[in-house]
Amino acid sequence: MITEKTSCLLCGADDAEIMASGADYDCETTAQVFHFGRCRSCGHIYLNPRPTAECAPEIYPSDYYTLDASHQPDGWSIMGRMKDVVVRSRLRAFMRGVPHGGTVVDLGCGDGALLLAMRRERPDARLVGVDFAVSAGQRQKMEKAGVVVIESALETAQLPENVSLVIMNQVIEHLWDVDACMEKVRSCLRTGGMFSVCTPNTDGYDRPWFHSGAWGGYYFPRHLNLFSREGLSRYMERFGLRVTRRNSLLAPLIWMSTARALQLRRGWPRWARLRDGNVFFLVLFCLFDALALMLGQVTSNQQVVAVKE
Ligand SMILES: [Zn+2]
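Residues numbered from 1 in each chain as written. Predicted model: local features only at pLDDT ≥ 70, side-chain atom pairs only at ≥ 80, totals over all residues. Heavy atoms only, no water.

Applying the stated criterion to the full structure yields 18 aromatic pairs. Their ring planes at 85 degrees and their centres at 6.0 Å tell us that Phe-210 and Trp-255 sit as a pair that is edge-to-face. Here Phe-210 is found in the loop between β10 (189-200) and β11 (225-226), whereas its partner Trp-255 is found in helix α7 (residues 252-265), with 45 residues between them in sequence. By the burial criterion, Phe-210 is buried, and Trp-255 matches it. Of note, Arg-207 hangs over the ring of Trp-215, and the distance from its end group to the ring centre comes to 5.8 Å. Stacked on the ring of Tyr-219, the Lys or Arg Arg-222 has its end atom at 4.6 Å from the ring centre. (Phe/Tyr/Trp six-rings, centres within 6.5 Å; stacked < 30°, edge-to-face > 60°. Helix = DSSP H or I, 4+ residues; strand = E, 2+ residues; numbered from the N terminus. Buried < 20%, exposed > 50% of the residue type's maximum accessible area, 1.4 Å probe, protein only. Lys NZ or Arg CZ within 6 Å of the ring centre and 35° of its normal.)

Now for the pattern of salt bridges. All told, the structure shown has twelve salt bridges when counted by the stated rule. Here Arg-260 and Asp-26 are joined by a salt bridge, their closest N and O atoms 2.8 Å apart. Here the residue Arg-260 occupies a position in helix α7, and Asp-26 occupies one in the loop between β2 (16-22) and β3 (34-39), the gap between them amounting to 234 residues. A residue is classified by how much of its surface remains accessible, and Arg-260, at 10% relative accessible area, is buried. The salt bridge partner of Glu-183 is Arg-186, with a shortest N-O separation of 2.9 Å. Of this pair, Glu-183 and Arg-186 both sit in helix α5 (residues 178-188), three residues apart, roughly one helical turn. With relative accessibility at 36%, the residue Glu-183 sits in the partly exposed group. Within the structure, one salt-bridge network assembled from shared partners comprises Glu-28, Arg-270 and Arg-273. (Salt bridge = Lys/Arg side-chain N within 4 Å of Asp/Glu carboxyl O.)

With mixed pairing, the seven strands of this open sheet are ordered in space as β8-β7-β6-β9-β10-β13-β12. Each end of this open sheet is capped by a strand with a single partner; those strands are β8 (148-151) and β12 (241-249). Between one strand axis and the next, the sheet turns through 15 degrees on average, direction left out of account. One ladder, built from five bridges, connects strand β6 (residues 103-107) with strand β7 (residues 126-131); its direction is parallel. Residue Val-104 lies in a different strand from β7, and its bridge partner there is Leu-127. (Pairing = 2+ DSSP bridges. Axes fitted to C-alpha atoms, helices over the stretch in contact; angles between N-to-C directions.)

To continue, consider the coordination of the zinc ion. Coordination sphere of the zinc ion, protein contribution only: Cys-8 (SG), Cys-11 (SG), Cys-39 (SG) and Cys-42 (SG), at 2.2 to 2.3 Å. Here the zinc ion is ringed by four donor atoms whose angles at the metal span 101 to 118 degrees, and the overall shape comes out tetrahedral. Along the chain, the residues donating to the zinc ion fall in the pattern C-x2-C-x27-C-x2-C. Classification of Cys-8 as buried rests on a relative accessible area of 3%. (Donors = N, O, S within 2.8 Å, 3.2 Å for Na, K, Ca; no water. Tetrahedral: all angles 85-135°; square planar, octahedral: opposite > 155°, others 65-115°.)

Next up, the structure:
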């Protein structure tokens with residue numbers, strides 16, 4: 001795989017100490033070892049060197065879960081229901097900020113689950129989903145619900161204007177050109193429009209236990225930038241976005257990746273390793289995080305909401 005050297009996204013410095021190393025434990029697309037460095041000037045954590053953008057087809061194989069409908073839980077399975085509950089609870093917080101007929105853009109919409117749930121609650125809203133690859137089945141499902149689908153790299157997508165809400169769920173950490181994407185977001189939002197970002201949180205209580213490489217938030221080599229709560233807030237403010245809310249979210253999928261990384265590092269065979277659809281462990285990990293939240297801890301998954309000034 002072709003890799004490139006990079007520098008700190010937050011401060012531009014070129015001086016980082018290696019703090020975590022690992023391979024692609026989740027998709028096993030390469031045996032290559034990658035490293036996260038911590039910037040000595042500002043503390044930001046980033047993959048360096050990282051795969052070049054041209055490697056995207058290699059590290060996002062065609063059966064990558066957001067692309068392949070066969071991995072999507074249907075509405076009747078327990079997984080499907082759990083996902084639906086999570087999606088709905090996230091929606092409620094947003095929709096009050098979207099005026100009648102307002103536009104909502106989901107950057108990195110994946111299977112479109114969030115937009116489809118939104119459509120049920122808000123038939124009046126103009127909904128737009130953007131992703132670098134959308135399967136024919138998902139496109140059909142979204143378009144049938146009146147969702148506009150744009151298949152494009154997020155950094156170069158032609159977005160509508162005067163947008164009331166932009167959502168980026170578990171996407172910012174994957175981007176090669178985060179500045180370009182943030183510039184897009186800033187310019188498409190109306191004044192007073194909201195921007196919501198969900199991404200792993202390097203402040204999570206569980207990261208110190210697995211910090212040298214097994215922590216699921218590393219997700220080698222697809223996560224390129226990892227943000228602390230402070231780092232993400234400061235970064236968003238650079239684009240004229242005032243942070244109004246910061247939450248900890250449950251992080252069962254990060255726990256699943258952590259468990260898989262530990263299993264792989266210990267040489268467990270593929271059949272014995274945890275799968276994302278293992279409901280027992282998903283619920284168990286949700287309970288871990290719920291307990292941690294009750295004890296006042298910060299989890300490994302965060303949401304930051306900002307308003308365009
Ligand atoms: Zn830095």
